[in-house]
Amino acid sequence: AASLQVTKSPLSTDEPATSLDDITSYNNFYEFGTDKSDPKANSGTLKTKPWTVKVDGLVDKPGDYQLEDFIKPYALEERVYRMRCVEGWSMVIPWDGFPLAEVLKQVAPQSAAKYVAFETLVRPAEMSGQRGFLQALDWPYREGLRLDEAMHPLTILATGIYGEPIPNQNGAPLRLVVPWKYGFKGIKSIVRISLVDKQPQTSWNMQNAREYGFYSNVNPAVDHPRWSQATERRIGEGGIFAKRRPTLPFNGYGDQVASLYSGMDLRTYY
Amino acid sequence: MRLTATQAKFSVWLLYVVAFLPAIWMAWLTVNDALGADPVRELEHRLGLWALRFLILALCVTPIRQLFRINLLRYRRALGLSAFWYALIHLLVWLFLDRQLEMQAIVADIIKRPYITIGMAAFALLIPLALTSNRFSIRKLGGAAWARLHKLAYVATALAALHFVMVVKSWPPEPLIYSAIVATLLLFRAVQAARLRRRAEPAPLPRPAR
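Just so it is clear, the structure is predicted and the values come from calculations on it, not from any experiment. (Residues numbered from 1 in each chain as written. Chains lettered and ligands numbered in written order. Predicted model: local features only at pLDDT ≥ 70, side-chain atom pairs only at ≥ 80, totals over all residues. Heavy atoms only, no water.)

**Comments concerning the interface of chain A and chain B**
Interfaces are often described in size by the accessible area the parts lose on coming together. Cut-off, in case you're wondering: Two residues form a contact once any of their heavy atoms are found within 4.5 Å. Two parts placed together each lose some accessible area under a 1.4 Å probe, and adding up what both lose gives the buried area. For salt bridges, the criterion is a side-chain nitrogen of Lys or Arg within 4 Å of an Asp or Glu carboxyl oxygen. Residue classes follow a fixed rule: Ala, Val, Leu, Ile, Met, Phe, Trp, Tyr, Cys and Pro count as nonpolar, while Asp, Glu, Lys and Arg count as charged, and any other residue, Gly among them, counts as polar.
Contacts between chain A and chain B engage 30 residues on the former and 23 residues on the latter. Buried area between chain A and chain B, summed over both chains or domains, comes out near 2400 Å², and the portion from carbon and sulfur atoms is 51%. Among the residues of chain A in contact with chain B, R226(A), R233(A) and I240(A) are the three that bury the most area, contributing 29% of the side total. Our count for the chain A to chain B interface comes out at six salt bridges. Between R233(A) and D38(B) there is a salt bridge, and its shortest N-O distance comes to 3.0 Å. For the side of chain A that touches chain B, a count of residues per class yields 14 nonpolar, eight polar and eight charged.

And the structure:
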């Protein structure tokens, strides 16, 4: 039986969920290597207890929170979300988590706060991808959201998958899930949440600004400069003869989130 | 160790068989659904990688002869043709399984996406090489013209390595390592060619007799 106490959410999709095996064995988590099998193979070394989340910046209640204290106030919900990777594949993942908005209300952002910035753990001794030469990204991994995106009810912090604590390769013990954006926006193994007044730097945008924008909303009409985003392959669906699916604007969450971007040219703000 | 003519011939055929084993292994993995979460991508990646590996091996034959005095020339055709077969299956998997024969998307990809344009160019260059990888063509073209044509292998291999670098995000080590190997092999030839030219140049022309 599942070990986490979880309630179902009306925000879940009823599409069939990808198998736990596929969800946990096919990951991008460059802190553990660049191959998709690396995170599962190498993340066993990561110690997630104890774990501290620093909340700082433009908030009334900053602090270094022990993970247990940080998540205790919130009831876990099951959110079955589509996940679309910028590389052109997708999954359906039953996350267990709580709205980021509730956390933000708790820590009380000041009126000058316009963005939320996140950082992943840097611990080369336990994260093999952070050692040696030829490191794929500039650590710590950084991500960010506009405050209204962060407050949106679809945006969650997840601590579990399929009713069990989240495996290391999927971003234990705490990760972000923003289902209408490309997967890399869902920063893993979070150690810092900062409220800031300016658009924060984000890792993939720093690595290649032309290819990865700050917003990175799923958008079939705006190609990645090197590949099309018009279609996707759903993992675990039909083996080698799986049919490609059309990619939907905002990953199919347009009804809920398109209004966040009204008046914005999504080609400019990709 | 010298091989008898029969042993030499047999060893070449053995190489064709060995070179085919990765394909059989991949077919087995495919049938048994053991290619992981994204089997099409995995199949594409592995086939492309074997094509590049065989191209690299074919380019190693000459340096090995010049540096270590080991002559593996009789195996080069098998290596080159194996590269071609893997590249062909790689392309077919992309056309049929990945892009699922959506011709419009395929044509757009080939024109618009530099990594696909480059991959297609590499494959196109391999076609004349594969077609002329036989004794009849060498005789028909003449040794010098045939050798000149087969210098296209350098271009094709360089493009194949570039294709590999461009298909990934960031700079993971694998494509960079393969590219470094290809660059080394091409540099070796450039240095050799420069040395030959230098040796050829200063030879003074004999004065015409009056």
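**Some details on the packing of helix α8 (residues 152–167) of chain B against helix α9 (residues 173–200) of chain B**
In a packed pair of helices, the relevant descriptors are the angle between the two axes and the axis-to-axis distance. All names here are of chain B. Heads up, the rule is: Fitted lines through C-alpha atoms serve as axes, helices being fitted only where they are in contact, and the angles separating the N-to-C directions of these axes extend from 0 to 180 degrees. Starting at the N terminus, helices and strands are each numbered in turn, a helix being any DSSP run of H or I of at least four residues and a strand any DSSP run of E of at least two. Should an angle fall under 35 degrees it is taken as roughly parallel, and over 145 as roughly antiparallel, whereas 65 to 115 is taken as roughly perpendicular and any remaining angle as oblique. Less than a right angle of anticlockwise turn of the near helix away from the far helix marks a crossing as left-handed, whereas a clockwise turn marks it as right-handed.
In contact at an axis separation of 9 Å, α8 and α9 are set at 160° when each is read in the N-to-C sense. In terms of axis orientation, α8 runs roughly antiparallel to α9. In terms of crossing hand, the pair formed by α8 and α9 is left-handed. Here Y154, T157, A158, A161, F164 and V165 of α8 lie close against α9, whose contacting residues are E174, P175, Y178, S179, V182, L186 and R189.

**What about the UniProt feature "transmembrane region" (unreviewed entry) in chain B?**
Rules: UniProt positions are given in the numbering used here, feature names are shortened, and annotations may be inferred rather than shown by experiment.
With numbering matched to this structure, UniProt assigns "transmembrane region" (unreviewed entry) to residues 12–30, 50–68, 80–97, 113–131, 152–169 and 175–191 of chain B. The span residues 113–131 of chain B is 95% helical and 0% strand by assignment, and the distance between its end C-alpha atoms comes to 27 Å.

**Section: a nonpolar patch on the surface**
Spelled out, the test is: For patch building, the residue pool is restricted to those with more than 30% relative accessible area and no salt bridge; the joining distance is 9 Å between like charges and 5 Å between nonpolar side chains (Val, Leu, Ile, Met, Phe, Trp, Tyr). Only the protein chains shown count as cover for residues, and all accessible areas are computed by the Shrake-Rupley method using a 1.4 Å probe. Any residue under 20% of the maximum accessible area for its type is buried, any over 50% is exposed, and the rest in between are partly exposed; the area is computed with a 1.4 Å probe on protein chains only.
A cluster of nonpolar side chains, contributed by F10(B), L14(B), V18(B), F20(B), L21(B) and I24(B), occupies part of the molecular surface with about 590 Å² of accessible area. With relative accessibility at 55%, the residue F10(B) sits in the exposed group.

**Section: the pattern of salt bridges**
Scanning the model with the defined rule gives 31 salt bridges over all chains in all. When the shortest N-O distance is used, the salt bridge between K169(B) and E87(A) registers 3.3 Å. Note that K169(B) is positioned in the loop between α8 and α9 and E87(A) in the loop between β4 (77–84) and β5 (89–99), a pairing that runs across two chains. K169(B) gets classed as buried once you look at its relative accessible area, which sits at 6%. A single salt-bridge network, built from bridges that share partners, covers D223(A), R233(A), R244(A), D38(B), D98(B), R99(B), D109(B), K112(B) and R113(B).

**Here we look at empty space enclosed by the protein**
Residues and elements named next belong to chain A. Cut-off, in case you're wondering: Both cavities and pockets are sets of points on a 1 Å grid over the protein atoms alone; in a cavity a 1.4 Å probe fits but cannot get out, in a pocket the set is open with protein on both sides within 12 Å along at least five of seven lines, and lining residues sit with an atom within 4 Å of a point. Grid points are joined across faces, edges and corners, and a volume is the space filled by probe spheres set on the points.
Taken as a whole and assessed by the stated rule, the structure comprises two cavities of 30 Å³ or more. Taken as a whole, the largest cavity holds about 330 Å³ of empty space. As for the largest cavity, its lining consists of 25 residues, of which N28, R175, G183, F184 and K188 are closest to the centre. Among the elements that line the lining of the largest cavity, the one with the most residues is β5, at four residues.

**Some thoughts on the packing of aromatic side chains**
Residue and element names in this part refer to chain A. Quick reminder of the rule: Centre distance within 6.5 Å is the pairing criterion for rings of Phe, Tyr and Trp, where only the six-membered ring of Trp is used; planes under 30 degrees apart are then read as stacked, over 60 as edge-to-face, and the remainder as tilted.
Inspection of every chain in the model, using the stated rule, returns 21 aromatic pairs over all chains. A centroid spacing of 5.9 Å and a plane angle of 80° characterise the contact between Y115 and F214, whose relative ring orientation is edge-to-face. Of the two residues, Y115 sits in strand β6 (residues 115–120) while F214 sits in the loop between α6 (203–207) and β12 (231–234), which places them 99 residues apart along the sequence. Just as Y115 is buried, F214 falls in that class too. An angle of 85° between the planes, with centres 5.6 Å apart, marks the rings of F184 and Y212 as edge-to-face. Within this pair, whereas F184 is found in the loop between β10 (175–177) and β11 (190–196), its partner Y212 is found in the loop between α6 and β12, the two being separated by 28 residues in sequence. Using a relative accessible area of 1% as the deciding quantity, one classes Y212 as buried. Following the ring pairs from residue to residue traces out a cluster consisting of Y115, F214, Y215, F250, Y261 and Y269.

**Describing the nonpolar core**
Quick reminder of the rule: By nonpolar core we mean a set of buried residues, namely Ala, Val, Leu, Ile, Met, Phe, Trp, Tyr and Cys, connected to one another through side-chain atoms within 4.5 Å.
The biggest cluster of nonpolar side chains holds 123 residues, and the ones touching the most others in it are W95(A), L100(A), F118(A), L157(A), L176(A) and W180(A). Here the element with the most residues in this core is helix α2 (residues 39–68) of chain B; it accounts for 13 residues. Apart from residues lying up to four places away in sequence, L100(A) is in contact with F118(A), L145(A), A150(A), T155(A), I156(A), L157(A) and L176(A).

**Re the UniProt feature "domain: Ferric oxidoreductase" (unreviewed entry) in chain B**
Sites flagged by UniProt as "domain: Ferric oxidoreductase" (unreviewed entry) map to residues 47–160 of chain B. Its end C-alpha atoms 12 Å apart, residues 47–160 of chain B is made of 84% helix and 0% strand.

**Some details on the environment of P39(A)**
Residues and elements named next belong to chain A. Looking at the element boundaries, P39 is found in helix α2 (residues 38–42). Owing to a relative accessible area of 0%, P39 belongs among the buried residues under this scheme. For the pair P39 and N168, spaced 129 residues apart in sequence, the C-alpha to C-alpha distance is 8.0 Å. Beyond its immediate sequence surroundings of up to four residues, P39 is in contact with N27, N28, F29, F32 and Q169.

**Side note on the pairing of strand β8 (residues 156–161) of chain A**
As a general feature of sheets, a regular strand has side chains that alternate between the two faces. Residue and element names in this part refer to chain A. The cut-off we apply is this: Strand pairing is defined by DSSP finding a minimum of two bridges between the two strands.
Counting buried positions along β8 yields six of six residues, so the element is predominantly enclosed. Taken together, the five bridges between β5 and β8 define a ladder with antiparallel strand orientation. Looking at β8, one finds that P99 is bridged to I156. Taken together, the three bridges between β8 and β10 define a ladder with antiparallel strand orientation. By the bridge assignment, L157 is partnered in β10 with L176. Bridge analysis of β8 against strand β9 (residues 164–165) gives two bridges, and the strand direction is antiparallel. If you follow G160 over to β9, its bridge partner there is P165. Hairpin connection, β8 to β9: the antiparallel pair is bridged by two residues, and Y162 has positive phi, about 55°.

**Observations concerning the layout of surface pockets**
Any empty space left between the atoms is revealed when a probe the size of a water molecule rolls over them. All names here are of chain B. In this structure, the second largest pocket occupies an estimated 1200 Å³ of space. Taken together, 37 residues make up the lining of the second largest pocket; nearest its centre are L73, R76, R77, W146 and H150. Put simply, the parts of the chain that give the lining of the second largest pocket at least two residues each are α1 (5–31), α2, α3 (76–98), α5 (114–131), α6 (135–141), α7 (143–149), α8 and α9. Here the lining of the second largest pocket is built from residues that sort into 22 nonpolar, seven polar and eight charged.

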